[in-house]
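Listed here are the chains, written in short residue letters.
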Amino acid sequence: MPDNVILVGFMGAGKSTVGRLVARRLGRCFVETDDMITAQEGRSIPEIFAERGEAHFRALEDEAVALLALKHGDVIATGGGLPCHEGRAEALRALGTVVWLSGDFDSLYARALAAGERPMLAGRRRDEVQALYESRVPYYRRAHVIVDTAGLGADQVAARVCQALRGREREAS
Ligand code: S3P
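Nothing here was measured: the structure is a model prediction, and the numbers come from that model.

Colleague: Help me understand the environment of Ser135, please; the structure alone is not making it clear to me.
Modeller: Here Ser135 is to be found in helix α6 (residues 126-140). Owing to a relative accessible area of 42%, Ser135 belongs among the partly exposed residues under this scheme. In sequence terms Ser135 and Val147 are 12 residues apart; their C-alpha atoms lie 19 Å from each other.

Take a look at the structure:
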């Protein structure tokens, strides 16, 4: 099995920041599915949503997942909705170790709002975003490893991810 590390989790979980830190600690390359999509399309994520709609964006995610099969040993941050479609969680599990950066909804929501530019938040009330979050949790749970980010800074989360990966390596050997 390719030994990538794949970070999943809701918007605001810190997948990009933590992913970069984990990649640096492990001496690996860092890749983001959202970057793969924007590079391919030549447009930002909000532009893709505004001009082509969510369904088109999800189809682009499918293409990005197919391309991830070429990756080996990378740290990969996925968009918050990427694993939450039929077959995607399994496709990610086949690529390496899937790590869910979990957290309490209030903190995730506050961080996601503060970072701005998230089309899935636009026009949705807080309770609607919470319902979206809850509908996604069963997909995130299919990760191999869960790291609870509550109350932790990005460095601490990255350290926990590395620790969990070492634990899995020990178990496997
Ligand atoms: C999305 C999350 C975003 C991005 C897109 C859709 C989602 O990524 O892929 O806006 O459906 O939750 P982040 O999780 O990095 O914000």
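Colleague: Explain the site of the ligand to me, please; I cannot follow it from the model alone.
Modeller: Residues in contact with the ligand amount to 13 residues; listed here are only the nearest, Lys15, Arg58, Gly80, Arg118 and Arg136. At a separation of 3.3 Å, an oxygen atom of the ligand approaches a polar backbone atom of Gly81. Here an oxygen atom of the ligand sits 2.6 Å away from a polar atom, N or O, in the side chain of Arg118. A total of 380 Å² of accessible area belongs to the ligand in isolation, and the protein chains cover 94% of it. Put simply, the ligand lies in the largest pocket. With three residues, helix α3 (residues 45-68) is the single largest residue contributor to the shell around the ligand. Split into classes, the residues belonging to the shell around the ligand amount to five nonpolar, three polar and five charged.

Colleague: Which parts of the structure should I look at to understand the environment of Arg136?
Modeller: For Arg136, the position within the fold is in helix α6. Arg136 sits in the buried class, given a relative accessible area of 5%. Sequence-wise, Arg136 and Leu82 are 54 residues apart; in three dimensions their C-alpha atoms are separated by 9.9 Å. Here Arg136 is in contact with Phe10, Met11, Arg58, Gly80, Gly81, Cys84 and Met120, once residues within four sequence places are set aside. Only 3.4 Å separates the side chain of Arg136 from the backbone oxygen of Gly80, close enough to count as a polar contact.

Colleague: What exactly am I supposed to notice about the pattern of salt bridges here?
Modeller: Two side chains of opposite charge can pair, provided their charged atoms sit close to one another. Within this structure, the stated rule accounts for 11 salt bridges. Arg43 is the salt-bridge partner of Glu41, the closest N and O atoms lying 3.1 Å from each other. Ionic pairing is found between Arg125 and Asp127, a salt bridge with its closest N-O pair at 2.9 Å.

Colleague: Which parts of the structure should I look at to understand the packing of helix α2 (residues 33-41) against α3?
Modeller: Here α2 crosses α3 at 115°, and the two axes come no closer than 9 Å. It follows that α2 is roughly perpendicular to α3 by the angle criterion. In terms of crossing hand, the pair formed by α2 and α3 is right-handed. Taking contact as the criterion, the partners of Thr33, Asp34, Met36, Ile37, Thr38 and Glu41 in α2 are, on α3, Ile45, Ile48, His56, Phe57, Leu60, Glu61, Ala64, Leu67 and Leu68. In terms of residue class, the contact of α2 with α3 is built from nine nonpolar, three polar and three charged.

Colleague: So what exactly am I meant to see when it comes to the nonpolar core here?
Modeller: Soluble globular proteins tend to bury their nonpolar side chains together. Formed by 52 residues in total, the largest nonpolar core has its most connected members in Phe10, Val18, Leu92, Val99, Leu101 and Val161. Per element, the largest residue contribution to this core is eight residues, and it comes from α3.

Colleague: Teacher, can you tell me more about helix α7 (residues 154-172) here?
Modeller: Owing to its 3.6 residues per turn, the α-helix brings residues three or four apart onto one side. The first and last C-alpha atoms of α7 sit 27 Å apart over 19 residues, in line with the 27 Å expected at 1.5 Å per residue. Taken as a whole, α7 has its buried residues at Val157, Ala158, Val161, Cys162, Leu165 and Gly167. Residues of α7 that are buried sit in contact with β1 (4-8), α1 (15-26), β4 (96-102) and β5 (145-148).

Parameters and conventions
Each residue is numbered by its place in its chain's sequence as written, counting from 1. The predicted origin of the model limits local features to residues at a pLDDT of at least 70 and limits the giving and counting of side-chain atom pairs to 80 or more, whereas totals for whole chains, interfaces and linings rest on all residues. Computation of side-chain values covers all heavy atoms of the structure but excludes hydrogens and water. Secondary structure elements are taken from DSSP: a helix is a run of H or I of four residues or more, a strand is a run of E of two residues or more, and numbering for both begins at the N terminus. The buried label goes to any residue with under 20% of its type's maximum accessible area, the exposed label to any with over 50%, and the partly exposed label to all in between, with areas taken from a 1.4 Å probe on protein chains only. Being near a molecule or strand, for a residue, comes down to having at least one heavy atom within 4 Å of it. Between N or O atoms, a polar contact is any pair within 3.5 Å; within protein, one atom must be a potential hydrogen donor and the other a potential acceptor, and residues adjacent in sequence are included only when both atoms are from side chains. Here the Shrake-Rupley method, with its probe set to 1.4 Å, supplies the accessible areas, and only the displayed protein chains count as covering residues. Cavity and pocket criteria rest on a 1 Å grid covering protein atoms alone: a 1.4 Å probe that fits but cannot get out defines a cavity, protein on both sides within 12 Å along at least 5 of 7 lines defines an open pocket, and an atom within 4 Å of a point defines a lining residue. Pocket occupancy is defined atom-wise: a molecule lies in a cavity or pocket when more than half of its atoms are within 2 Å of its grid points. Under the grouping applied here, Gly and all other residues not named as nonpolar or charged are polar, the nonpolar ones being Ala, Val, Leu, Ile, Met, Phe, Trp, Tyr, Cys and Pro and the charged ones Asp, Glu, Lys and Arg. The contact criterion used throughout is that any non-hydrogen atoms of two residues lie within 4.5 Å. Basic side-chain nitrogens of Lys or Arg form a salt bridge, by our definition, when they fall within 4 Å of a carboxyl oxygen of Asp or Glu. Note on definitions: angles span 0 to 180 degrees between N-to-C directions of axes, and those axes are lines fitted to C-alpha atoms, for helices only across the stretch in contact. Orientation labels follow simple angle bins: below 35 degrees gives roughly parallel, above 145 gives roughly antiparallel, 65 to 115 gives roughly perpendicular, and whatever is left gives oblique. The handedness criterion is simple: a crossing whose near helix is rotated anticlockwise from the far helix by less than a right angle is left-handed, and one whose near helix is rotated clockwise is right-handed. Definition used in this section: a nonpolar core is a set of buried Ala, Val, Leu, Ile, Met, Phe, Trp, Tyr and Cys residues joined via side-chain atoms within 4.5 Å. One fewer than the residue count of a helix, multiplied by 1.5 Å, yields its expected span.

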